[in-house]
Amino acid sequence: SAAGQVVALQLKSAFSPRASWDAAGNQIVADTELPNHSSQRLTVYCPPRSKPTTNKKKKQQKQPAQSTTTNNQQDATTTANTTTPPTRIRRDMTELPYDKILNNV
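Below: a short report on this structure. (Residues numbered from 1 in each chain as written. Predicted model: local features only at pLDDT ≥ 70, side-chain atom pairs only at ≥ 80, totals over all residues. Heavy atoms only, no water.)

Details of the overall build of the chain
A tally of helices and strands in the chain yields 3 helices and 2 strands. The helix and strand sequence of the chain, counted from the amino end, reads β-α-α-β-α. Burial analysis of the chain (105 residues in total) assigns 13% to the buried set. In the chain, the share of contacts with a sequence separation of at least 24, taken over all contacts with a separation of at least 6, comes to 76%. Carbon and sulfur atoms provide 51% of the accessible area of the chain, an area that totals close to 9100 Å². (Helix = DSSP H or I, 4+ residues; strand = E, 2+ residues; numbered from the N terminus. Buried < 20%, exposed > 50% of the residue type's maximum accessible area, 1.4 Å probe, protein only. Contact = heavy atoms within 4.5 Å. Areas by Shrake-Rupley, 256 points an atom, 1.4 Å probe, with all protein chains shown as cover.)

Here's what the structure looks like:
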């Protein structure tokens, strides 16, 4: 019978742990400030989602041969681009509907 059964789920939040109240990322959203259910909506600033990585070998085969000076210039520009912090995106988010997730178990 179903009476008295316990279901344990490992839950995760829809909000990123790096979500903040401001675009600069100075005021991080605390766990106690997150919504308790899916009907509450919050506007937060989140880092952009990472893009899926592609196979570097395929890219290298498609590119024509270049001189070493242009490769060094490209390396310098990519390192300069990677050192800048990513911009934050403003999102209106709700929490995951845990009641629906639990009913699907």
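As for the environment of S20
Among the secondary structure elements, S20 is positioned in the segment before β1 (41–46). With relative accessibility at 0%, the residue S20 sits in the buried group. C-alpha of S20 to C-alpha of Y45: the two residues are 25 residues apart in sequence and 5.2 Å apart in space. Residues in contact with S20, not counting those within four places in the same chain, are G25, Q27, I28, V29, V44, Y45 and R88. Separated by 2.7 Å, the side chain of S20 and the backbone oxygen of D22 make a polar contact. (Polar contact = N/O pair within 3.5 Å; in protein donor to acceptor, adjacent residues only side chain to side chain.)

Overview of the nonpolar core
Nonpolar side chains in soluble globular proteins tend to end up buried together. Counting residues in hydrophobic clusters, the biggest one holds 8 residues: F15, A19, V29, L34, L42, V44, C46 and M93. Ranked by residue count, the leading element in this core is β1, at 3 residues. The contact partners of A19, leaving out residues within four places of it in the chain, are I28, V29, V44, Y45, C46 and R88. (Core = buried A, V, L, I, M, F, W, Y, C linked by side-chain atoms within 4.5 Å.)

Observations regarding the side chain of E95
Within the secondary structure layout, E95 lies in the loop between β2 (89–94) and α3 (98–103). It turns out E95 is buried and unbridged, and the closest side chain with the opposite charge, K12, is 9.7 Å from it. Only 3.1 Å separates the side chain of E95 from the side chain of S13, close enough to count as a polar contact. Separated by 2.9 Å, the side chain of E95 and the backbone nitrogen of A14 make a polar contact. Every residue in contact with E95, bar those within four places of it in the chain, is listed here: K12, S13, A14, F15, P35, H37, S38 and Q40. (Lys, Arg positive; Asp, Glu negative; His and termini not counted. Salt bridge = Lys/Arg side-chain N within 4 Å of Asp/Glu carboxyl O.)

Here we look at the environment of A14
Inspection of the secondary structure assignment puts A14 in the segment before β1. Considering only alpha carbons, one finds A14 and L96, 82 residues apart in sequence, at a separation of 5.8 Å. Not counting the four nearest positions on each side in its chain, A14 is found in contact with M93, T94, E95 and L96.

Considerations on the pairing of β1
Here β1 shows a buried face lined by L42, V44 and C46 and an unburied face lined by R41, T43 and Y45. Taken together, the 6 bridges between β1 and β2 define a ladder with antiparallel strand orientation. By the bridge assignment for β2, R41 is matched with T94. (Pairing = 2+ DSSP bridges.)

Topic: the side chain of D22
As for its position among the elements, D22 is in the segment before β1. If near-sequence neighbours (up to four positions away) are discounted, D22 is found in contact with Q27, Y45 and R88.

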